[in-house]
Amino acid sequence: MSNEKRHRVSRRQFLTYTLTGVGGFMAAGMLSPMVRMALDPALEAGADSEFVSIGISEDELTDEPQRVDFQMELEDGWYTSEQARSAWIYKEGDEIIALSPTCTHLGCTVNWDSNENFPEQFYCPCHDGRFERDGTNIEGTPPTRPLDIYDVEVRDGAIYLGQINQRS
Amino acid sequence: MLQKLYDWVDERLDITPMWRDIADHEVPEHVNPAHHFSAFVYCFGGLTFFVVVIQILSGMFLTMYYVPDIIHAYESVYYLQNEVTHGMIVRGMHHWGASLVIVMMFLHTLRVFFTGSYKKPRELNWVVGVLLFFVILGLGFTGYLLPWDMKAYFATVVGLEIAESAPVIGGFARTLLAGGELIGAQTLARFFAIHVFFLPGALLGLLGAHFYMIRKQGISGPL
């Protein structure tokens, strides 16, 4: 009896609850598409970039790293542009290695075998950063991780490069 | 929890009288649809405001993707309409809501007219209402250009020719609105600025005056 009395809802309370409920439902219906739209870039899973032809074939490769410049299509919302990319590419046995030329220290561009004091190495002119042939950073030079590496695909003998991956 | 939070703030800032003053007011029987169903005509003003709120919110979110530039405007609208999740819904709300504001405003004007609510002492509120009418028409006109497609462009060509046909100031008005002789880059940037900053500012100011006068003077009596 007293329990029942305690749970009695006054007319004012009932109105408050129903009006808040209906109002909240309407507000949610109005705002949720808008909020989802605003959150879209954060919720959209990062799509893997496509493979692009870099204009050389497999049998042009040697075990000596050679620099290849190519264009990659960059999609930025409603704006699509061509982005210039480069890779140091060579054969390691049967495997094809394509390294990004961006120094992992501060982002300058590295060159193969360009400093006579450090033959057979990638050399960064900015702060004397050096990397081995396989991209491993050399102890005691500024870079703290190896050069980034491209995904490589061979289609009908032609070389295609995909996204750039970090190595630790 | 919520009550405690409210009490904490209220104890320090005494906010209860403020919102009481806004929320508590008499709703006479003749405007309450629960008493006379035909009183629903008194809802049109509030409904106009409700749709205006939707317009402001959806418009704010649309500007996250829209760019007012002749090269990219159409592409950005296409992108937000077709690529962004729920972009179609939000743009749809803004598109259909724009027409709905005009419809609701028209019905509200009819109600005010036929109940004679514009008569003394409420003449000034009628004047403010007419200004609101022009501001909302302006919002519709400037917003129509923004997608920068064929319909948008040629509607604006026609609209500006109408402005030009006005006596004496016609040519000046046209050039001022278009931002030059061409209907192009400057027109789009100008219409965007008017659509998202100038007219909404005027709209909010006038709405404030509109509502203040209603509270000050009360709702007009029954027929």
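Residues numbered from 1 in each chain as written. Chains lettered and ligands numbered in written order. Predicted model: local features only at pLDDT ≥ 70, side-chain atom pairs only at ≥ 80, totals over all residues.

Trainee: Which parts of the structure should I look at to understand the UniProt feature "domain: Cytochrome b/b6 N-terminal region profile" (unreviewed entry) in chain B?
Mentor: Under the present numbering, the feature "domain: Cytochrome b/b6 N-terminal region profile" (unreviewed entry) in UniProt falls on residues 5-223 of chain B. Helix and strand shares over residues 5-223 of chain B are 70% and 0% respectively, and the end C-alpha atoms of the span are 45 Å apart. (UniProt positions renumbered as here; feature names shortened; annotations may be inferred. Helix = DSSP H or I, 4+ residues; strand = E, 2+ residues; numbered from the N terminus.)

Trainee: I would appreciate a short explanation of the domain arrangement of chain A in the present structure.
Mentor: Here the domain parsing of chain A yields domain 1 (2-43) and domain 2 (52-165). Taking the mean C-alpha position of each, domain 1 of chain A and domain 2 of chain A sit 56 Å from one another. (Domains from an automatic or database assignment.)

Trainee: What is the right way to read the confidence of the model for chain B from this model?
Mentor: The predicted coordinates should not be examined in detail at positions where pLDDT is low. Residues and elements named next belong to chain B. Counting all residues, the mean pLDDT for chain B is 95, and 100% of those residues have values of 70 or more. The least confident element of chain B is helix 2 (residues 16-23), whose mean pLDDT is 89; the most confident is helix 6 (residues 123-145), at 98. This complex was scored by the predictor with a pTM of 0.82 and an ipTM of 0.86. (pLDDT = per-residue confidence, 0-100.)

Trainee: How should helix 4 (residues 73-82) of chain B be read in this particular structure?
Mentor: Because each turn of an α-helix spans 3.6 residues, side chains separated by three or four positions end up pointing in the same direction. Residue and element names in this part refer to chain B. Residues Ala73, Ser76, Val77 and Leu80 constitute the buried set of helix 4. Angularly, the buried residues of helix 4 cover 100 degrees about the axis, an arc narrow enough to put them on a single face. The inward-facing, buried residues of helix 4 abut helix 3 (44-62), helix 5 (87-114) and helix 9 (185-217). (Buried ≥ 20, exposed ≤ 12 C-beta atoms within 10 Å, placed from the backbone. Arc of directions from axis to C-beta. Contact = placed C-beta atoms within 7 Å.)

Trainee: Would you mind showing me how to read the nonpolar core here?
Mentor: Nonpolar side chains tend to gather and get buried jointly when the protein is soluble and globular. The biggest cluster of nonpolar side chains holds 19 residues, and the ones touching the most others in it are Leu62, Tyr66, Leu80, Val90, Leu146 and Leu188 of chain B. When residues of this core are traced back to their parent elements, those giving at least two are helix 2 (11-43) of chain A together with helix 3, helix 4, helix 5 and helix 9 of chain B. Broken down by element, this core gets its largest block of residues, four residues, from helix 9 of chain B. If we skip the residues at most four places from it in the chain, leucine 188 of chain B touches Pro68, Ile70, Ala73, Leu145 and Trp148 of chain B. Counting 17 residues, the second largest nonpolar core, distinct from the first, contains Ala98, Leu99, Val110 and Leu147 of chain A. (Core = buried A, V, L, I, M, F, W, Y, C linked by C-beta atoms within 7 Å.)

Trainee: Can you help me understand the packing of helix 2 of chain A against helix 5 of chain B in this one?
Mentor: Two measures define how a pair of helices packs: the angle their axes make with one another and the distance between the axes. Contact geometry for helix 2 of chain A and helix 5 of chain B: axes closest at 8 Å, N-to-C directions at 130 degrees. Here helix 2 of chain A lies oblique to helix 5 of chain B, going by the angle between them. Helix 2 of chain A and helix 5 of chain B meet at a crossing whose hand is left-handed. Contact residues: helix 2 of chain A offers Pro33, Met34 and Met37 of chain A, while helix 5 of chain B offers Gly87, Ile89 and Val90 of chain B. By residue class, the composition of the contact of helix 2 of chain A with helix 5 of chain B is five nonpolar, one polar and no charged. (Axes fitted to C-alpha atoms, helices over the stretch in contact; angles between N-to-C directions. Parallel < 35°, antiparallel > 145°, perpendicular 65-115°, else oblique. Left-handed = near helix turned anticlockwise from the far one by under 90°. Nonpolar A, V, L, I, M, F, W, Y, C, P; charged D, E, K, R; others polar.)

Trainee: Just to check I follow, could you spell out the pairing of strand 2 (residues 66-76) of chain A for this structure?
Mentor: A regular strand carries its side chains on alternate faces of the sheet. Residue and element names in this part refer to chain A. Of all 11 residues making up strand 2, only zero are buried, and the element is barely covered by its neighbours. Two elements, strand 2 and strand 3 (residues 79-92), share 11 bridges in a ladder whose sense is antiparallel. Considered in strand 3, the bridge of arginine 67 is made with tryptophan 88. (Pairing = 2+ DSSP bridges.)

Trainee: Would you take a moment to explain the interface of chain A and chain B for this structure?
Mentor: As a measure of interface size, the accessible area lost when the parts come together is often cited. Taken together, the contacts link 10 residues of chain A with 16 residues of chain B. Among the elements that make up the side of chain A that touches chain B, the one with the highest residue count is helix 2 of chain A (seven residues). A breakdown of the residues in the side of chain A that touches chain B according to their chemical character gives seven nonpolar, one polar and two charged.

Trainee: Quick question: what am I supposed to make of the UniProt feature "domain: Rieske" (unreviewed entry) in chain A here?
Mentor: In the numbering adopted here, UniProt assigns the feature "domain: Rieske" (unreviewed entry) to residues 92-161 of chain A. Strand forms 36% of residues 92-161 of chain A and helix 0%; the C-alpha atoms that close the span are 16 Å apart.

Trainee: Any chance you could explain the UniProt feature "transmembrane region" (unreviewed entry) in chain A here in plain terms?
Mentor: UniProt feature "transmembrane region" (unreviewed entry): in the numbering of this structure it lies at residues 14-35 of chain A. Structurally, residues 14-35 of chain A comprises 100% helix and 0% strand, and the distance from its first C-alpha atom to its last is 30 Å.

Trainee: Before we go on, may I ask you to explain the UniProt feature "transmembrane region" (unreviewed entry) in chain B in this structure?
Mentor: Residues and elements named next belong to chain B. The sites that UniProt annotates as "transmembrane region" (unreviewed entry) are residues 39-67, 96-114, 126-146 and 189-213. For residues 96-114, the end-to-end C-alpha separation is 27 Å, with 100% helix and 0% strand making up the annotated structure. Annotated as 100% helix and 0% strand, the span residues 189-213 places its first and last C-alpha atoms 35 Å apart.

Trainee: What am I meant to see in the confidence of the model for chain A here?
Mentor: Averaged over every residue, the pLDDT of chain A is 87; residues scoring 70 or more account for 93%. Helix 2 of chain A holds the highest mean pLDDT among the elements of chain A, 94, whereas helix 1 (residues 2-6) of chain A holds the lowest, 59.

Trainee: Would you mind showing me how to read the sheet that holds strand 6 (residues 122-124) of chain A here?
Mentor: Residues and elements named next belong to chain A. Strand order in the open sheet formed by three strands is 5-6-7, and the pairing between neighbours is antiparallel. The sheet terminates laterally at strand 5 (111-112) and strand 7 (129-131), the two strands that pair on one side only. In terms of strand pairing, strand 6 meets strand 7 through three bridges, oriented antiparallel. Note on strand 7: the bridge partner recorded for phenylalanine 122 is phenylalanine 131.

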